[in-house]
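Letter by letter, the chains look like this.
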Amino acid sequence: MSDRLYIFDTTLRDGEQVPGCQLNTVEKIQVARQLESLGVDVIEAGFPISSPGDFNSVIEISKAVTWPTICALTRAVPKDIDCAAEALAYAKRKRIHTGIGTSDSHIRYKFNSTREEIIERAVAAVKYAKKYVEDVEFYAEDAGRTDNEYLARVVEAVIKAGATVVNIPDTTGYCLPRDYGAKIKYLMEHVDGIDRAIISTHCHNDLGMATACTLEGVLNGARQVEVTVNGIGERAGNTSEEEIAMILKCHHLDIQTNINTQKIAATSRMVSSLMNMPVQANKAIVGRNAFAHSSGIHQDGVLKNAETYEIINPKDVGIDDNAIILTARSGHAALRHRLETLGVEVDEEKLNDIYQRFLALADKKKDVTDDDILVLAGSGRTASHRIKLDYLQVTSGHGVRPMAAIVVDIAGEKFRAAAEGNGPVDASINALKEIIKRRMTLKEFTIQAINRGSDDVGKVHMQVEYDGQLYYGFGANTDIVAASVEAYIDAVNSFKH
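Just so you know, these numbers come straight off a predicted model, no measurement behind them.

Draft legend 1. Examining the overall build of the protein chain more closely. Secondary structure summary: the protein chain contains 16 helices and 14 strands in total. Relative to the globule expectation of 23 Å for 497 residues, the C-alpha radius of gyration of the protein chain, 25 Å, shows essentially globular dimensions. Once the C-alpha set of the protein chain is aligned to its principal axes, its extents read approximately 75 × 60 × 45 Å. Here the protein chain holds 497 residues, and the buried ones make up 53% of them. Relative to all contacts within the protein chain whose residues are 6 or more apart in sequence, the contacts with residues 24 or more apart total 66%. For the protein chain, the accessible surface area stands at approximately 22,600 Å², while carbon and sulfur atoms represent 48% of it. A gap of 3 Å separates the mean positions of the 56 positive and 69 negative side-chain charges of the protein chain.

Quick look at the structure:
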């Protein structure tokens, strides 16, 4: 059994299924190139049959990266596989990822089928995909709740049909780590021809056990792990890529990956920024508190010897206290260097635009962080918005009824309104609603400070309901009220008019 572990990154497929985190093709290419720099072996670029956007993204990502295998997801349906093969036309290394549910629940309720028919459909899908590509991965959806003996029959059948990788997903995040590990061990011991394929893990985090289950799978013979940056994904998310990489590194398990761990922090920030999805402060490896020590006893120990309370050197994941600090006196070259370090490629025109906004921000802040830079680099997406914030003035304070005056530019025409509210944000949004006369409901409102200073850029995420649909908005500004209004307007711009 090889001690090489293949990293299958599904940030751009499973990770992007998080509501409000969809990326456009340009942003997906940016992430894909960063993943290539990080050292992932396989990039699952999308589900081509699901939408024209996904189809086009698989094509463009295939053109943009060189050495990682580009993978496209399908159901066990010929038209899905045809579509995936077409989307993968430009990939240097290509893989079709097809599959079907194997648990009794899926067989009975989802497919109204039988175990034998499911095996027939699985084999047929693998053989059909094999006509297009040599590298075919099969997923046994809901394998976590599939009887081991039947699962072994499915795995054996698809390997005989030509599958090169077999994915054993814990689709619902139900498995205990010991049970998932035992499932992989059972397959390794009972499937004839198991040595002709790589067994892969794909664990969800519904019960907070995705990383533990994945590790147990690896220790019992799996040699591919399906993971996402920051552990993002549907519901509670997927196995965290950075956690698996650093567990293997810290425990010296003699299982090698191609991951350049010093790129982890930059990759985490990029994905968080582009997907407008904050990383929780106490997130392992990449949370802002991951290397913070507030306890006096801990601080004393770390000052004497960092290893007393730090099992990971921050520099090993790309966190370097000695990094170049950007200020208002920094030039174009320093900004371009920082953008390139973060995996952001810009032409001269866009660099000049970012630089002007960088100077305006640097005048307000003592120093500009990597997160600030990523926000600036991504803020150009609002340029094409039909509705834009032109002016905002707010009056609030102790013993004063909050008031807001706002001017909004809608397709080049200025509209003005003023309103009161329970606070400055509420007053501002009430004023905005006076202009945009639609029955909108604010469902979720999240504020995240990038660092800790009072001059920091605040990131605001909003969920707005309109006409029975949920829309997501994002804003970033050193003025948190302005960021809130920008987030609301961002959501309104995505309404289906």
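Don't stop here, the text continues.
Draft legend 2. Structural view of the pairing of strand β2 (residues 42-46). Counting buried positions over the five residues of β2 gives five, a clear majority of the element. With respect to chirality, the unit in which strand β1 (residues 6-9) leads through helix α1 (residues 25-38) into the neighbouring parallel β2 is right-handed. Two strands pair when backbone bridges link them, and β2 and strand β3 (residues 69-73) are joined in this way by four bridges, in the parallel orientation. From the neighbouring strand, I43 faces β3, where its bridge partner is I70. Handedness of the β2-helix α2 (residues 52-64)-β3 crossover: right-handed.

Draft legend 3. Looking closely at the environment of G173. With respect to the helices, strands and loops of the structure, G173 is situated in the loop between β6 (165-170) and α7 (177-190). With residues near it in sequence (within four places) discarded, G173 still touches H204, D206 and L207.

Draft legend 4. Inspection of the packing of aromatic side chains at higher detail. The full count for this structure, using the stated rule, is four aromatic pairs. Ring geometry for Y355 versus F358: centroids 5.8 Å apart, planes at 35°, classification tilted. In this pair, Y355 and F358 are both assigned in helix α13 (residues 348-364), three residues apart and thus about one turn of the helix distant. As far as burial versus exposure is concerned, Y355 and F358 are alike and both buried. Here Y466 and F495 contribute two aromatic rings whose centre-to-centre distance is 4.4 Å and whose plane-to-plane angle is 15°, an arrangement assigned as stacked. In this pair, Y466 is assigned in strand β13 (residues 458-466) and F495 in the segment after α16 (480-493), connecting sequence segments 29 residues apart. As far as the burial class goes, Y466 and F495 line up, both buried. Of the aromatic side chains, those joined through ring pairs into one cluster are Y466, Y471 and F495.

Draft legend 5. A look at the sheet that holds β1. Spatially, the eight strands close up into a barrel ordered β1-β2-β3-β4-β5-β6-β7-β8, and their pairing is parallel. Each strand axis lies, on average, 25° off the axis of its neighbour in the sheet, ignoring direction. As defined by bridge partners, strand β5 (residues 136-141) adjoins β6 across three bridges and the pair is classed as parallel. Considered in β6, the bridge of E137 is made with V165. Along the sheet face, α7 touches β6 and β7 (198-203) and points at about 160° away from the line of β7.

Draft legend 6. Representation of the sheet that holds strand β10 (residues 400-410) in the model. The three strands lie next to each other as β9-β10-β11, forming an open sheet whose pairing is antiparallel. For this open sheet the edge positions go to β9 (387-397) and β11 (413-420), each flanked by a neighbour on one side alone. This sheet shows a mean twist of 10° between the axes of neighbouring strands, independent of strand direction. Against the sheet, helix α15 (residues 424-435) touches β9, β10 and β11, its axis set at about 40° to β10.

Draft legend 7. View of the pairing of β3. Counting buried positions along β3 yields five of five residues, so the element is predominantly enclosed. Burial along β3 is two-sided: T69, C71 and L73 and I70 and A72, pointing in opposite directions, are all buried. In terms of handedness, the path from β3 via helix α3 (residues 78-87) over to strand β4 (residues 94-101) forms a crossover that is right-handed.

Draft legend 8. How the structure looks around empty space enclosed by the protein. Taken as a whole and assessed by the stated rule, the structure comprises one cavity of 30 Å³ or more. In this model, the largest cavity occupies a volume close to 50 Å³. Lining of the largest cavity is provided by L38, V229, E241, E242, A245, I259, I264 and T267. Listing elements by their share of the lining of the largest cavity, those giving two or more residues are α9 (241-251) and α10 (264-274). For the lining of the largest cavity, the element with the most residues is α9, which contributes three residues. Within the lining of the largest cavity, the residues separate by chemical class into five nonpolar, one polar and two charged.

Draft legend 9. Quick peek at helix α6 (residues 148-161). Relative to the 20 Å expected for 14 residues at 1.5 Å per residue, α6 spans 20 Å between its end C-alpha atoms, a close match to the ideal helical length. Buried within α6 we find Y150, L151, A152, V154, V155, A157, V158, I159 and A161. The inward-facing, buried residues of α6 contact α4 (104-110), α5 (115-130), β5, β6, α7 and β7. G162, located one to two residues past α6, shows a positive phi value of around 120°.

Draft legend 10. Quick peek at unusual backbone geometry. The phi dihedral of R235 falls on the positive side, at around 55°, and the residue is not glycine. With respect to the element layout, R235 can be found in the loop between β8 (224-227) and α9. Although it is not a glycine, D467 adopts a positive phi angle of roughly 55°. Here D467 shows up in the loop between β13 and β14 (469-477).

Draft legend 11. Region of interest: the side chain of T228. Mapped onto the secondary structure, T228 falls in the loop between β8 and α9. Beyond its immediate sequence surroundings of up to four residues, T228 is in contact with T10, T11, G15, N238, T239, S240, E241 and E242.

Draft legend 12. Representation of the packing of α15 against α16 in the model. Where α15 contacts α16, the axes come no closer than 9 Å and their chain directions differ by 35°. Here the hand of the crossing between α15 and α16 comes out right-handed. Within the contact between the two elements, α15 uses P424, V425, S428, I429, L432 and K433 and α16 uses V481, S484, V485, Y488 and I489. Classifying every residue of the contact of α15 with α16 by side-chain character gives eight nonpolar, two polar and one charged.

What counts and what doesn't
- Residues numbered from 1 in each chain as written.
- Predicted model: local features only at pLDDT ≥ 70, side-chain atom pairs only at ≥ 80, totals over all residues.
- Heavy atoms only, no water.
- Helix = DSSP H or I, 4+ residues; strand = E, 2+ residues; numbered from the N terminus.
- Rg over C-alpha atoms; globule rule 2.2 N^0.38 Å.
- Buried < 20%, exposed > 50% of the residue type's maximum accessible area, 1.4 Å probe, protein only.
- Contact = heavy atoms within 4.5 Å.
- Areas by Shrake-Rupley, 256 points an atom, 1.4 Å probe, with all protein chains shown as cover.
- Lys, Arg positive; Asp, Glu negative; His and termini not counted.
- Charge placed at Lys NZ, Arg CZ, Asp CG, Glu CD.
- Right-handed = clockwise from strand over helix to strand, strands pointing away.
- Pairing = 2+ DSSP bridges.
- Phe/Tyr/Trp six-rings, centres within 6.5 Å; stacked < 30°, edge-to-face > 60°.
- Axes fitted to C-alpha atoms, helices over the stretch in contact; angles between N-to-C directions.
- 1 Å grid on protein atoms, 1.4 Å probe; cavity = no way out; pocket = protein on both sides within 12 Å on 5 of 7 lines; lining within 4 Å.
- Points joined across faces, edges and corners; volume = space filled by probe spheres on them.
- Nonpolar A, V, L, I, M, F, W, Y, C, P; charged D, E, K, R; others polar.
- Expected span 1.5 Å × (residues − 1).
- Left-handed = near helix turned anticlockwise from the far one by under 90°.

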